[in-house]
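A structural walkthrough
Here is what each chain is made of, one letter per residue.
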Amino acid sequence: EKTSDKQLGLDDILFVKCSLFSDRKKFYVGEEIQFEIKVCGAKELMFDLTAWPDVGVSNAAFRDFSSVNPENPHFLPPQTSSEKINGQAFKVFCFRSALRPLGPGKLSGKIEVSCAIKIPNDRRNRRSTDPFEDFMNPFGDYKQVRHKLTCEFPPLEIVSLPDSAGTVNYLGLV
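Calculation criteria
- One numbering rule holds for all chains: residues counted from 1, following each sequence as written.
- Where local features are concerned, this predicted model is filtered to residues with pLDDT of at least 70; where side-chain atom pairs are given and counted, the filter is 80 or more; whole-chain, interface and lining totals use all residues.
- Calculated side-chain values reflect all of the structure's heavy atoms, with hydrogen atoms and water omitted.
- Helix and strand assignments come from DSSP, with helices taken as H or I runs of at least 4 residues and strands as E runs of at least 2, each series counted from the N terminus.
- Throughout, a contact is declared for two residues whenever any of their heavy atoms are within 4.5 Å.
- Under the convention used here, a 1.4 Å probe and the Shrake-Rupley method define accessible areas, while residue burial counts only the protein chains that appear.
- Note on definitions: salt bridges are taken to be side-chain nitrogens of Lys or Arg within 4 Å of carboxyl oxygens of Asp or Glu.
- Buried residues are those whose accessible area, probed at 1.4 Å on protein chains only, stays under 20% of the maximum for their type, while exposed residues exceed 50% and partly exposed ones sit between those limits.
- A pair of cysteine sulfur atoms is labelled a disulfide when the two atoms are within 2.5 Å.
- To define a nonpolar core, start from buried Ala, Val, Leu, Ile, Met, Phe, Trp, Tyr and Cys residues and group those joined through side-chain atoms within 4.5 Å.

Looking now at the overall build of the chain. A count of helical and extended segments in the chain gives two helices and ten strands. Going residue by residue from the N terminus, the α and β elements of the chain occur as α-β-β-β-β-β-β-β-β-β-α-β. Looking at the chain alone, contacts between residues at least 24 apart form 73% of all its contacts between residues at least 6 apart. For the chain, the computed accessible surface area is about 11800 Å², with 51% contributed by carbon and sulfur atoms.

Printed below as a string of structure tokens:
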């Protein structure tokens, strides 16, 4: 029997992370920055996402995905998949998006995702006088607990466009 197994907390089995599709940490004003938000929940955990991710990044404009996702124009339609993370199976919801910084300086922010975790009620503590309760509700009943997942948008440095050089007809478009 192992005694070194650590107890997993909720943050170990349900979390959100954000990553860029680039290793760069410096971008130009107006340059498109593609990113994805992954909500990861352990396979055996019952949970539902109750809202689209909220990306709290100021001084940036999102790409318009309304032609492919009328539900939320800031994101492509979400994708679901399975991943193994640290040897454990996870259900993953992936939200892809892109934004353009509107001015120079630091670009950072917080991402929030609201979800509801389904927790089975302990039926042993309840005594029912209804003999048909187990027959009518064989899977038991659940309570939903609201939970907010958060992570940081990767901090970036946004720099002004370079000055136009000599005879080049530079329009300042990226």
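Next up on the list: the pattern of salt bridges. One side chain can pair with another of opposite charge once the charged atoms of both are near each other. Tallying each qualifying case throughout the model produces nine salt bridges. Its salt-bridge partner being Arg24, residue Glu31 comes within 2.8 Å of it at the nearest N-O pair. A relative accessible area of 16% places Glu31 in the buried class. Given a relative accessible area of 35%, Arg24 falls into the partly exposed group. Linking Lys38 and Glu83 is a salt bridge whose minimum nitrogen-to-oxygen distance equals 2.8 Å.

Among covalent bonds in proteins, the disulfide is the one between the sulfur atoms of two cysteines. Per the counting criterion, the structure on display carries zero disulfides. Left without a disulfide partner, Cys18 is nearest to the cysteine sulfur of Cys151, which lies 5.5 Å away.

As a further point, take the nonpolar core. Within the largest apolar cluster, 36 residues are counted, with the highest numbers of intra-cluster contacts made by Ile37, Leu107 and Phe153. Contributing elements (two or more residues each) for this core: β1 (14–20), β3 (33–42), β5 (54–57), β8 (88–101), β9 (105–120) and β10 (142–159). Among the elements that take part in this core, β3 stands out by supplying six residues, more than any other. Ignoring any residue separated from it by four or fewer positions in sequence, one finds Ile37 in contact with Val16, Lys17, Cys18, Pro53, Val55, Phe75, Phe93, Cys94, Phe95 and Ile111.

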